[in-house]
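Single-letter residue listing:
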Amino acid sequence: MKKLASLKQLINRRQLLFSGLALAVLSPRAVLAEESRIPVSRHNKAAAKAPKNGKFIVMLDPGHGGIDSGAIGEEGSMEKHVVLEIANTVRQLLSSHPHIEARLTRDTDNFIPLYQRVEIAQQHGASLFMSIHADGYTDPSARGASVFALSNRGASSAMARYLSDRENAADAVGGVKVQQKDQYLQQILFDLVQTDTIKNSLTLGKHVLDTIRPIHHLHSQHTEQAAFAVLKSPSIPSVLVETSFITNPNEEQLLGTTAFRKKIATAISSGIINFYNEQQRHNRRVS
C-alpha cells in the first residue's frame, strides 16, 4: 500500500508539473495581450481565484459574444444571446448543490478569445469546463443536440470537423492572432497530460447525452471528437455542448422559449451532477 501511495503521489506531481508546462506552452496570453488587446471582463478578473471551500468548480462557457454573434437563425435569433440564457440557467440550477459551484466565462455580451476562455477556467481552479452552443449548419434540416470532446486523432465525423472549424474561426471575427507554438513540444505534453483528461471528458459527455436523450432529439448518440481550440485544457475535463441547431427553423423557435431553455439547462445540470457523483465514487475507491 505504501508503494501504491508513493506511486500515486509521483503521478500527481508529474501531472501537475506537465499541466503547468502545457499551459505555459499552449497559452497565448502574452501574444493576446500584445496583439489583440481585448480586455477581460471585470467579472472574470475579480473572481479568478480558486475557492477555499473545497467546492467542485464548474466553468460554464457561453459561446461567442460581443462582435461575434455566432450562428444566426432564419428569424434573426443570435446564438450568443441564447447560449448565455441557457448557461445562466444551468448556473442557477447548480447553485442549490452543496458541493458544486458554477461560474461563467462571460456573464455579459462581450467577446472573449477562445484560448482566453481556457485560461479563465485554469485561473478559477475549475474541475470541469463546458462550452455551450446552439450552432448552425449549411443544411437547415440538421437538428438535435450533440456533445463534443477534444481529439488528438482527427475529427470523428464530417459534422464534428465542420463544427470545430467553424468554432475555431471565432477568434478571426475579433481580429485575434494566436501565435503557433512548437508542434513537437505540444504533442509531447499533450500525450503525457491530456490522455486521461480526454477520457474523463468522454465520460462527462456520456453523462450529458444520457440526460438530454429523454427530453430532446440527439444529432449524435455518442460523444463526438474534434480539435476544438476551446477544449484544449491540459488537465480539466472539457466538453462542448450543441444544445440544438439554431439554423433549423423548428429548433430556433424552441430555443426562443423559456420552457425549452430551462428543459435543456436542467438536463445539462443533471449530467454535470451525475459526472460529479461518479468522480466522487472513484476518488473514494482509490483513496
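In what follows, the structure referred to is the one given above.
Described below are features of the structure shown in this document. Everything numeric in this text was worked out from a predicted model, so none of it was measured.

**Thoughts on the packing of helix H4 (residues 79-94) against helix H10 (residues 258-286)**
Running from amino to carboxyl end, H4 crosses H10 at an angle of 50 degrees, the nearest separation of the two axes being 8 Å. Between H4 and H10, the crossing angle belongs to the class labelled oblique. You can see that H4 and H10 cross each other, and the crossing is right-handed. Between H4 and H10, the residues in contact are Val82, Glu85, Ile86, Thr89, Val90, Leu93 and Leu94 and Arg261, Lys262, Ile264, Ala265, Thr266, Ile268, Ser269, Ile272 and Ile273, respectively. Tallied by class, the residues present in the contact of H4 with H10 amount to 10 nonpolar, 3 polar and 3 charged.

**Structural notes on the pattern of salt bridges**
In total, this model carries 5 salt bridges according to the counting rule given. Two residues, glutamate 101 and arginine 103, come together in a salt bridge whose shortest N-O distance is 3.0 Å. Owing to a relative accessible area of 23%, glutamate 101 belongs among the partly exposed residues under this scheme.

**A closer look at the packing of aromatic side chains**
Per the stated rule, a full pass over the model turns up 2 aromatic pairs. Arranged with centres 5.1 Å apart and planes meeting at 70 degrees, the rings of phenylalanine 56 and tyrosine 276 form a pair that is edge-to-face. Note that phenylalanine 56 is positioned in strand E1 (residues 56-62) and tyrosine 276 in helix H10, a separation of 220 residues in sequence. Residue classification places phenylalanine 56 among the buried positions, given a relative accessible area of 10%. An angle of 55 degrees between the planes, with centres 5.3 Å apart, marks the rings of phenylalanine 148 and phenylalanine 228 as tilted. Of this pair, phenylalanine 148 sits in strand E4 (residues 146-150) while phenylalanine 228 sits in the loop between strand E5 (224-226) and strand E6 (238-242), placing them 80 residues apart in sequence. Accessibility assignment for this pair places phenylalanine 148 and phenylalanine 228 in one class, buried.

What counts and how
- Every chain's residues receive numbers from 1 upward, in the order its sequence appears when written.
- Only residues with pLDDT of at least 70 are given local features in this predicted model, and only at 80 or more are side-chain atom pairs given and counted; all residues enter the totals for whole chains, interfaces and linings.
- Side-chain descriptors were evaluated using all non-hydrogen atoms of the structure, hydrogens and water having been removed beforehand.
- Helix axes use the C-alpha atoms of the stretch in contact, all axes being lines fitted to C-alpha atoms, and the angles between their N-to-C directions lie in the range 0 to 180 degrees.
- Put simply, DSSP H or I for four residues or longer makes a helix, DSSP E for two residues or longer makes a strand, and each gets a number counted from the N terminus.
- Here roughly perpendicular refers to angles of 65 to 115 degrees, roughly parallel to angles under 35, roughly antiparallel to angles over 145, and oblique to all remaining angles.
- Handedness of a crossing follows from how the near helix is turned relative to the far one, being left-handed for an anticlockwise turn of less than a right angle and right-handed for a clockwise one.
- Any pair of residues with heavy atoms lying within 4.5 Å of one another is described as a contacting pair.
- Gly is placed with the polar residues, together with every amino acid not listed as nonpolar (Ala, Val, Leu, Ile, Met, Phe, Trp, Tyr, Cys and Pro) or charged (Asp, Glu, Lys and Arg).
- The term salt bridge refers to a pairing of a side-chain nitrogen on Lys or Arg with a carboxyl oxygen on Asp or Glu at a separation within 4 Å.
- Burial status follows relative accessibility: with a 1.4 Å probe on protein chains alone, a residue under 20% of its type maximum counts as buried, one over 50% as exposed, and anything between as partly exposed.
- For Phe, Tyr and Trp, rings pair up if their centres lie within 6.5 Å, where Trp contributes its six-membered ring, and each pair is then called stacked (planes under 30 degrees apart), edge-to-face (over 60) or tilted (otherwise).

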